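So you can see what is in the structure, the chains are spelled out below.
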Number of protein chains: 2
Amino acid sequence: MATEAEQLPLVLILRPFPYIPSFQEKFSNRFRTLKGTDLSMPVNEFLIKECQSVKALVCGAKFAHTKDILDCLPSLGCIVLNCVGLDNIDLDECKKRGIVIGNAGTVYSEDVADLAIGLLIDVLRRISSGHQFVRSGLWPINKEFPLGSKLSGKRVGILGLGSIGSEVAKRLVAFNCIISYTSRNKKPSVPFPYYSNVVDLASNNDILILTCDLNKETFHIVNKDVMSALGKKGIIINVGRGPLVDEKEMVRLLVQGKIGGAELFELDNVVLAAHIAWKTVESTSALHELVISNLEAFFSNKPLLSLVKYD
Amino acid sequence: MATEAEQLPLVLILRPFPYIPSFQEKFSNRFRTLKGTDLSMPVNEFLIKECQSVKALVCGAKFAHTKDILDCLPSLGCIVLNCVGLDNIDLDECKKRGIVIGNAGTVYSEDVADLAIGLLIDVLRRISSGHQFVRSGLWPINKEFPLGSKLSGKRVGILGLGSIGSEVAKRLVAFNCIISYTSRNKKPSVPFPYYSNVVDLASNNDILILTCDLNKETFHIVNKDVMSALGKKGIIINVGRGPLVDEKEMVRLLVQGKIGGAELFELDNVVLAAHIAWKTVESTSALHELVISNLEAFFSNKPLLSLVKYD
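Note that the structure is a prediction, hence the values are computed from the model and not measured.

What counts, and at which threshold
- Residues numbered from 1 in each chain as written.
- Chains lettered and ligands numbered in written order.
- Predicted model: local features only at pLDDT ≥ 70, side-chain atom pairs only at ≥ 80, totals over all residues.
- Heavy atoms only, no water.
- Helix = DSSP H or I, 4+ residues; strand = E, 2+ residues; numbered from the N terminus.
- Buried < 20%, exposed > 50% of the residue type's maximum accessible area, 1.4 Å probe, protein only.
- Contact = heavy atoms within 4.5 Å.
- Areas by Shrake-Rupley, 256 points an atom, 1.4 Å probe, with all protein chains shown as cover.
- Pairing = 2+ DSSP bridges.
- Polar contact = N/O pair within 3.5 Å; in protein donor to acceptor, adjacent residues only side chain to side chain.
- Axes fitted to C-alpha atoms, helices over the stretch in contact; angles between N-to-C directions.
- Salt bridge = Lys/Arg side-chain N within 4 Å of Asp/Glu carboxyl O.
- Phe/Tyr/Trp six-rings, centres within 6.5 Å; stacked < 30°, edge-to-face > 60°.
- Right-handed = clockwise from strand over helix to strand, strands pointing away.
- Parallel < 35°, antiparallel > 145°, perpendicular 65-115°, else oblique.
- Left-handed = near helix turned anticlockwise from the far one by under 90°.
- Nonpolar A, V, L, I, M, F, W, Y, C, P; charged D, E, K, R; others polar.
- Expected span 1.5 Å × (residues − 1).

(A) Main features of the overall build of chain A. Helix and strand counts for chain A come out as eleven helices and nine strands. Relative to its full complement of 311 residues, chain A shows a buried share of 52%. Sequence-distant contacts in chain A: of pairs separated by 6 or more residues, those separated by 24 or more amount to 57%. Summed over its atoms, the accessible surface of chain A is roughly 14,300 Å², and 53% of this surface lies on carbon and sulfur atoms.

In structure tokens, the structure reads:
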């Protein structure tokens with residue numbers, strides 16, 4: 001007879017989870033786990049050898065769910081992501097196989113919006129470069145630190161007014177910014193002006209904030225034309241995936257002074273962040289709860305709490 | 001006969017002004033200036049020798065208007081500050097002599113409030129230390145950067161709910177923060193809870209934001225007791241004068257991990273800023289306009305636009 005633990009539903013873990021130790025017990029009381037995080041063999045081989053009965057898996061943004069991988073997991077019915085973006089998942093293949101997908105939903109939206117505002121103030125007011133200036137001991141010697149620029153009154157264009165973009169807009173209203181946006185479609189309930197294309201949005205704004213998904217339509221959506229339209233005082237804040245921006249082009253324009261600020265190496269008008277927009281103690285706990293609830297829902301034949309609707 | 005320029009009212013300049021070149025003409029069309037910014041003799045000697053007829057002067061925060069200095073300026077009727085704080089001015093002596101004072105008024109309030117929010121997000125989300133982490137090349141080697149903390153939902157106590165404090169509160173509401181404050185007196189029109197002392201404010205909050213004036217009552221208002229009450233996860237954002245905080249004590253508590261974050265040297269949980277809270281291109285222009293208008297008002301026997309009421 002199987003022990004109680006052996007009767008728990010099996011979950012394949014393709015990224016260390018739970019990574020908050022206090023969730024370990026809660027997780028292991030509910031699920032058996034099969035770890036594919038630190039393999040001594042090629043992943044396809046492991047999947048074919050060990051995972052033929054796996055119905056659900058937990059993974060992060062970087063694991064590519066290609067047709068090849070999905071072919072190795074014939075029983076798979078559910079993918080639970082600890083991120084929001086679906087850019088590494090072959091959605092057509094998932095649809096064919098009837099695989100349901102749960103992502104991180106909106107647990108990160110406030111944190112990402114907060115960081116977008118923080119980065120924006122940082123770039124405008126030169127907080128990070130000022131911090132380096134003072135820390136390097138330059139302040140007493142070279143008294144004049146270049147003037148920053150005011151946030152209040154600036155025109156801010158938001159790319160993608162979803163959950164994160166809406167939180168960004170809400171915050172910017174309190175800073176007296178003038179807000180407009182673009183998205184796949186105009187949103188009837190939103191009071192801000194809508195632009196149907198990104199070049200027009202850039203032409204009419206001082207700042208662009210990128211909060212949209214990365215997909216085929218949005219790859220390099222901020223290209224040379226958009227950056228030129230934004231102009232040489234323009235500022236780009238990308239809290240979405242890197243490839244939303246043609247970064248080679250952006251670096252060229254930053255170096256030449258043809259846009260004002262962004263986030264990249266070796267330039268004083270640039271702030272760098274180590275993919276932390278979504279990462280706080282609080283949101284990480286919320287994510288753990290959500291992943292567990294999504295898996296419980298799947299194994300109880302209920303809809304996932306943060307079911308991704310894709311077509 | 002005096003030339004037209006010689007008939008213009010005389011203004012003593014004790015700090016370089018205008019420091020935006022485009023204002024030079026506007027200023028010199030209205031006033032004759034006597035520069036005391038780069039003296040080859042002691043300031044008292046210069047004042048006695050050259051400034052006996054000076055009725056108005058422009059200066060910054062650092063010039064100390066002591067009784068001794070005022071004794072050297074028998075004709076002085078008006079001090080125009082390019083800052084907000086009055087901490088270097090002997091107000092009793094000014095009152096005795098009937099000297100009117102104009103300060104920077106509210107031209108900086110939005111910028112200071114913006115920077116307070118920027119510094120707060122920076123400390124909570126470790127933007128400056130993350131920027132250094134990525135720039136130093138550590139990210140690819142040491143993937144794990146410590147988790148930040150969420151702003152939304154945090155309890156924020158504001159010290160001094162004046163023009164700047166009110167702008168800070170307005171912004172924090174949009175971040176879903178829980179706000180309370182202390183000030184000399186409870187403000188009847190304000191919806192946030194009031195604490196009559198700073199220790200109670202600190203006990204009941206995660207974050208303290210200092211926006212009050214520096215004066216005898218507020219010198220070291222954030223002392224050891226306040227910092228202990230705030231606790232070891234507590235964060236202090238000081239956009240007022242440095243001596244509002246007992247900084248020696250703060251450094252000791254930061255090093256010992258007894259408070260969570262603030263703004264000082266050599267610590268990763270600290271963000272430094274080179275006295276830039278008020279400094280943007282836009283607010284600096286607004287200041288220049290205000291200084292000129294204050295001087296014009298004084299010489300036309302009208303009330304200053306940003307008259308400081310002191311008693």
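So, next bit.
(B) Region of the structure containing the pairing of strand β3 (residues 56-59) of chain A. Residues and elements named next belong to chain A. On β3, burial covers both faces: Ala56 and Val58 on one face and Leu57 and Cys59 on the other are all buried. Examined bridge by bridge, strand β1 (residues 10-13) and β3 share three bridges and lie parallel to one another. When the sheet's bridge partners are listed, Val11 is paired in β3 with Ala56. Judged from the four bridges that link them, β3 and strand β4 (residues 78-81) form a sheet pairing that is parallel. The residue of β4 that forms the bridge with Cys59 is Leu81.

(C) Broad picture of unusual backbone geometry. Residues and elements named next belong to chain A. Cis geometry is found at the peptide bond from Phe17 to Pro18, where omega equals -10 degrees. Inspection of the secondary structure puts Pro18 in the loop between β1 and α1 (24-28). Not every positive phi belongs to a glycine, and Asn301 is a case in point at roughly 60 degrees. Taking the relative accessible area as the measure of exposure, Asn301 reaches 73% and is therefore exposed.

(D) Broad picture of the side chain of Arg171 of chain B. Residue and element names in this part refer to chain B. Among the secondary structure elements, Arg171 is positioned in helix α7 (residues 163-174). Owing to a relative accessible area of 0%, Arg171 belongs among the buried residues under this scheme. Within polar-contact distance, the side chain of Arg171 engages the side chain of Asp114 at 2.7 Å. In terms of polar contacts, Arg171 uses its side chain to reach the side chain of Glu167, at 2.7 Å.

(E) Inspection of the sheet that holds strand β2 (residues 32-35) of chain B at higher detail. All names here are of chain B. Read from one edge to the other, the open sheet built from five strands follows the order β2-β1-β3-β4-β5, with strand pairing classed as parallel. What marks the edges here is a single partner per strand, and that holds for β2 and β5 (100-102). For this sheet the average axis-to-axis angle between neighbouring strands, irrespective of direction, equals 25 degrees. For strand β1 (residues 10-13) and β2, the ladder comprises four bridges, and the chain directions are parallel. Bridging across to β2, Val11 finds its partner in Thr33.

(F) Representation of the environment of Ser283 of chain B within the structure. Inspection of the secondary structure puts Ser283 of chain B in helix α11 (residues 281-299). Put simply, Ser283 of chain B and Glu110 of chain B are 173 residues apart on the chain and 9.0 Å apart in space, counted from C-alpha to C-alpha.

(G) A look at the pattern of salt bridges. Taken as a whole and judged by the stated rule, the model has 26 salt bridges over all chains. Between Glu93 of chain B and Arg97 of chain B there is a salt bridge, and its shortest N-O distance comes to 2.8 Å. Of this pair, Glu93 of chain B and Arg97 of chain B both sit in helix α4 (residues 91-97), four residues apart, roughly one helical turn. Judged by relative accessible area, which is 31%, Arg97 of chain B ranks as partly exposed. What emerges from the salt-bridge pattern is a single network uniting Lys67, Asp71, Glu93, Lys96 and Arg97 of chain A.

(H) Spotlight on the environment of Ile178 of chain B. All names here are of chain B. With respect to the element layout, Ile178 can be found in strand β7 (residues 178-182). Judged by its relative accessible area of 48%, Ile178 falls in the partly exposed class. C-alpha of Ile178 to C-alpha of Lys154: the two residues are 24 residues apart in sequence and 6.1 Å apart in space. The contacts of Ile178, once residues within four sequence positions are left out, are Gly153, Lys154, Arg155, Val156 and Asn205.

(I) View of the side chain of Glu249 of chain B. By the secondary structure assignment, Glu249 of chain B is in helix α10 (residues 247-255). Residues contacting Glu249 of chain B, with those up to four places away along its chain left out, are Lys224 and Met227 of chain B.

(J) Main features of the sheet that holds strand β5 (residues 100-102) of chain A. Residues and elements named next belong to chain A. Read across the open sheet, the five strands follow the order β2-β1-β3-β4-β5; overall the sheet is parallel. Edge positions in the sheet fall to β2 (32-35) and β5, since each has one partner strand and no second. Strand after strand, the sheet turns through a mean of 25 degrees between neighbouring axes, direction not considered.

(K) Layout of the packing of aromatic side chains. Using the criterion set out here, one finds 13 aromatic pairs over all chains in the structure. Taking 5.1 Å as the distance between ring centres and 55 degrees as the angle between the ring planes, the aromatic pair formed by Phe27 of chain B and Phe31 of chain B counts as tilted. You can call Phe27 of chain B buried: its relative accessible area is 1%. Among the aromatic residues, those joined into a cluster by ring pairs are Phe17, Tyr19, Phe27, Phe31, Phe298 and Phe299 of chain A.

(L) A look at the pairing of strand β9 (residues 235-238) of chain B. Residue and element names in this part refer to chain B. Covered by surrounding structure in β9 are Ile235 and Ile237 together with Ile236 and Asn238, the residues of both alternating faces. Both strand β8 (residues 207-210) and β9 contribute to a ladder of four bridges, which runs parallel. Pairing of Ile209 across the sheet is with Ile237, part of β9. After leaving β8, the chain enters helix α9 (residues 224-230) and then returns to the sheet as β9, a path that is right-handed.

(M) Looking closely at the packing of helix α7 (residues 163-174) of chain A against α7 of chain B. At a closest axis distance of 8 Å, the pairing of α7 of chain A and α7 of chain B adopts a crossing angle of 165 degrees. With respect to α7 of chain B, the axis of α7 of chain A lies roughly antiparallel. Crossing hand, α7 of chain A versus α7 of chain B: right-handed. Across the interface between the two elements, Lys170, Arg171 and Ala174 of chain A from α7 of chain A touch Lys170, Arg171 and Ala174 of chain B from α7 of chain B. A class-by-class count of the residues in the contact of α7 of chain A with α7 of chain B yields two nonpolar, no polar and four charged.

(N) Molecular detail of helix α11 (residues 281-299) of chain A. All names here are of chain A. Between its terminal C-alpha atoms α11 stretches 28 Å, which fits the 27 Å expected from 19 residues at 1.5 Å a residue. All buried positions along α11 are accounted for by Ser283, Thr284, Leu287, His288, Leu290, Val291, Ile292, Asn294, Leu295, Ala297 and Phe298. Buried residues along α11 sit against β1, α1, β3, β4, β5 and α5 (109-125).

(O) Seen up close, the environment of Ser180 of chain B. All names here are of chain B. Relative to the elements of secondary structure, Ser180 occurs in strand β7. Between the C-alpha atom of Ser180 and that of Val156, which follows or precedes it by 24 residues, the distance is 6.4 Å. Those residues in contact with Ser180, other than ones at most four positions away along the chain, are Val156, Gly157, Ile158, Phe192, Pro193, Tyr195, Leu201 and Asn205.

(P) Focus on the packing of α5 of chain A against helix α5 (residues 109-125) of chain B. In contact at an axis separation of 9 Å, α5 of chain A and α5 of chain B are set at 125 degrees when each is read in the N-to-C sense. With respect to α5 of chain B, the element α5 of chain A is oriented oblique. Crossing of α5 of chain A over α5 of chain B shows left-handed handedness. Together, Asp111, Asp114, Leu115, Ile117, Gly118, Ile121, Asp122 and Arg125 of chain A of α5 of chain A and Asp111, Asp114, Leu115, Ile117, Gly118, Ile121, Asp122 and Arg125 of chain B of α5 of chain B make up the contact between the two elements. Looking at the contact of α5 of chain A with α5 of chain B, its residues break down into six nonpolar, two polar and eight charged.

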